[in-house]
Amino acid sequence: ASLLDLYIIPQLGGTRLTELSRGDIQQFRATLHRMGKSGHTINSAVHVLSAAIGAAVQDGLRESNPCIGLKPVPKRPVQRRPIPVAEIEAIRHELVQPRDRLVVSLLAYAGLRPGEMVGLTWGQVRENTLLIDRSVSVRGGHVKTTKTRAVRSVPIMSPVQADLSAVRALDDVSARPDVSTAPVIAGVRGGPIVWANWAARVWRPAVKALGIGDGHPPYALRHSYVSLLISAGHDVVQVAAWAGHSVDLCLKTYAHLFSERQGMPGEPAEDVILRARHDSSSSSSRKKS
């Protein structure tokens, strides 16, 4: 649906499905390329378009599918760009509500995917680790397995523990009879938050208020987590386990970060975060005074 709304209808919505030619499809791909879209996005859009034309062929509305036989657009390797910890802490400090600050910490310092964060319950919060065994669809809201269908245990760093404690005290979690199934990040009615609403109403205004612009999507916080682990000197096997990746995918995606840090002494991630958090608080205090 998003591929239709963002690319196919705006570019081809004025052309009848039965009149689309191979040249139209090639021009469509060229237009998306000029827009800076990745090979993956272009190929996915053509796949959806091909399915629609294929249905027209099956219904006898046209004789052939012009998408058949087109070679996929080459996929350029993507280098993930993590948000620097100093900027993460500045954004987090801009947020007023403890729940919003905890969202940032869970994504940036525990590496949770948005669906895993939305689906996190207090029963999954152990003394020193988070048990990640489920996710919630950020579109449909239904509970599902993690992206890799695997269960993982993520260490809780002290900055995350502090933000968890702030929300736990605010919600008086210990007094709730349904504490084990209650969402850690609760919405207005007590259920899980809606991810798209949080990103639009909380994250984007905070980022813009700091003059950063729209260059930092909240998902980039997960890349910051991986970057912190690599900078701390953890090997690819451990990083992949905590991030919920296969070793091959982790190495393929973050090979440039591993190469940059090779042979360099590591600095504990907690130290980096706590220093940035202190600097952010001090900077805010100076501005107020």
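Residues numbered from 1 in each chain as written. Predicted model: local features only at pLDDT ≥ 70, side-chain atom pairs only at ≥ 80, totals over all residues. Heavy atoms only, no water.

Residues Leu-130 and Ile-132 of strand E1 (residues 129-132) are buried on one face, while the alternating residues Thr-129 and Leu-131, pointing to the opposite face, are not. In terms of strand pairing, E1 meets strand E4 (residues 152-155) through four bridges, oriented antiparallel. Note that in E4 the partner of Leu-130 across the bridge is Val-154. (Buried < 20%, exposed > 50% of the residue type's maximum accessible area, 1.4 Å probe, protein only. Helix = DSSP H or I, 4+ residues; strand = E, 2+ residues; numbered from the N terminus. Pairing = 2+ DSSP bridges.)

Moving on, we get to the environment of Thr-146. Its place among the elements puts Thr-146 in the loop between strand E3 (143-144) and E4. Along the chain, Thr-146 and Arg-261 lie 115 residues apart, while their C-alpha atoms are 29 Å from each other.

Right, let's get into the packing of aromatic side chains. What characterises a pair of aromatic rings is the spacing of the ring centres plus the angle enclosed by the ring planes. Within the structure shown, the criterion is met by two aromatic pairs. Between Trp-195 and Trp-198, the ring centres sit 5.6 Å apart and the planes meet at 20°, which makes this aromatic pair stacked. Here Trp-195 and its partner Trp-198 are both found in helix H8 (residues 195-209), three residues apart, which amounts to about one turn of the helix. With a centroid separation of 6.3 Å and an interplanar angle of 35°, the aromatic rings of Trp-198 and Trp-203 are classed as tilted. Of the two residues, Trp-198 and Trp-203, neither departs from the other in class, the shared state being buried. An aromatic cluster is present here, built from Trp-195, Trp-198 and Trp-203 joined pairwise through their rings. (Phe/Tyr/Trp six-rings, centres within 6.5 Å; stacked < 30°, edge-to-face > 60°.)

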